[in-house]
Amino acid sequence: MLRKEKREWMLVIRMFMGKILKSTQSYDVTLFQTPQFGQTKGYRQVYRLTVSGEDHDDVLAEVYRMFNVPDLVPKDYRARYVSTGDILLIDEGIYGQFFYRLSSDGWERIHRMHVR
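A quick note: this is a predicted structure, and the numbers were derived from the prediction, not measured. (Residues numbered from 1 in each chain as written. Predicted model: local features only at pLDDT ≥ 70, side-chain atom pairs only at ≥ 80, totals over all residues. Heavy atoms only, no water.)

A.B. asks: Just to check I follow, could you spell out the environment of Asn-68 for this structure?
C.D. replies: Along the polypeptide, Asn-68 turns up in the loop between α2 (56-66) and β3 (87-91). For the pair Asn-68 and Val-82, spaced 14 residues apart in the sequence, the C-alpha separation amounts to 6.3 Å. Ignoring anything within four residues of it in the chain, the contact list for Asn-68 reads Tyr-81 and Val-82. Only 3.3 Å separates the side chain of Asn-68 from the backbone oxygen of Val-82, close enough to count as a polar contact. (Helix = DSSP H or I, 4+ residues; strand = E, 2+ residues; numbered from the N terminus. Contact = heavy atoms within 4.5 Å. Polar contact = N/O pair within 3.5 Å; in protein donor to acceptor, adjacent residues only side chain to side chain.)

A.B. asks: In this structure, what is going on with the pairing of strand β1 (residues 25-33)? I would like to understand it.
C.D. replies: Residues in a regular strand project their side chains so that they alternate between the two faces of the sheet. Among the nine residues in β1, seven count as buried, and that is most of the element. Note that β1 and strand β2 (residues 44-53) share nine bridges and pair antiparallel. Within the sheet, the bridge partner assigned to Ser-26 lies in β2 and is Ser-52. The pairing of β1 with β3 spans five bridges and is antiparallel. Paired with Leu-31 across the two strands is Leu-88, which belongs to β3. (Buried < 20%, exposed > 50% of the residue type's maximum accessible area, 1.4 Å probe, protein only. Pairing = 2+ DSSP bridges.)

A.B. asks: Looking at this structure, how should I read the nonpolar core?
C.D. replies: Side chains of nonpolar character tend, in soluble globular proteins, to be buried together. With 18 residues, the main nonpolar core has Val-29, Leu-49, Val-59, Val-63, Phe-67 and Ile-90 as its most contacted residues. Looking at this core, the elements that each hand over two or more residues are β1, β2, α2, β3 and β4 (97-103). A per-element tally of this core places α2 first, with four residues. Those residues within four positions of Leu-49 in sequence are excluded, and the remaining contacts are Tyr-27, Asp-28, Val-29, Met-66 and Phe-67. Listed in part, the six residues of the second largest apolar core include Phe-32, Ile-87, Leu-89 and Phe-99. (Core = buried A, V, L, I, M, F, W, Y, C linked by side-chain atoms within 4.5 Å.)

A.B. asks: Would you mind going over the packing of aromatic side chains with me for this structure?
C.D. replies: Each pair of aromatic rings is reported with the distance of its centres and the angle of its planes. Across all of its chains, the model carries three aromatic pairs by this definition. A centroid spacing of 5.6 Å and a plane angle of 75 degrees characterise the contact between Tyr-47 and Phe-67, whose relative ring orientation is edge-to-face. Here Tyr-47 is found in strand β2, whereas its partner Phe-67 is found in the loop between α2 and β3, with 20 residues between them in sequence. Ring centres of Tyr-47 and Tyr-77 lie 5.6 Å apart, and the angle between their planes is 85 degrees; on these two criteria the pair is classed as edge-to-face. In this pair, Tyr-47 is assigned in strand β2 and Tyr-77 in the loop between α2 and β3, connecting sequence segments 30 residues apart. Taking the relative accessible area as the measure of exposure, Tyr-77 reaches 8% and is therefore buried. One aromatic cluster is present, formed by Tyr-47, Phe-67 and Tyr-77 through successive ring pairs. (Phe/Tyr/Trp six-rings, centres within 6.5 Å; stacked < 30°, edge-to-face > 60°.)

A.B. asks: Looking at this structure, how should I read the sheet that holds β1?
C.D. replies: Strand pairing in a sheet relies on backbone hydrogen bonds. The paired strands run either parallel or antiparallel. Sheet architecture is open: five strands sit in the order β2-β1-β3-β4-β5, paired in antiparallel fashion. Both edges of this open sheet fall to β2 and β5 (106-110), since each of them pairs with a single strand only. Across this sheet, the average inter-strand angle for adjacent strands is 30 degrees, counted without regard to direction. Set on the sheet, α2 makes contact with β1, β2, β3, β4 and β5; between it and β2 the angle comes to about 125 degrees. (Axes fitted to C-alpha atoms, helices over the stretch in contact; angles between N-to-C directions.)

Such coordinate-based values are descriptive only and should not be taken to indicate function.
Encoded structure:
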């Protein structure tokens, strides 16, 4: 009887802690840039990678850090640093695609139609 109660209690604790502690997941991320800085049309895919994070904010911060710190830039990356106007696509498969544009205030979510 005591073992059964202990198991049930441990199960309740695990469920509770699982909701408190977020788990990391992998996100498919694509970076889009224009050929010249400051242009508003002509976005092209320049890099695609998988990033782990708790949520979109973690992924956005990690991508910004990765492509603006020279030691962290992937060896096969051939585009410029991430800057204002660049667009990031976070693809969650069946859960949808989310587009973010870097502005002077940080990353802002945009509608798909802005990628042209």
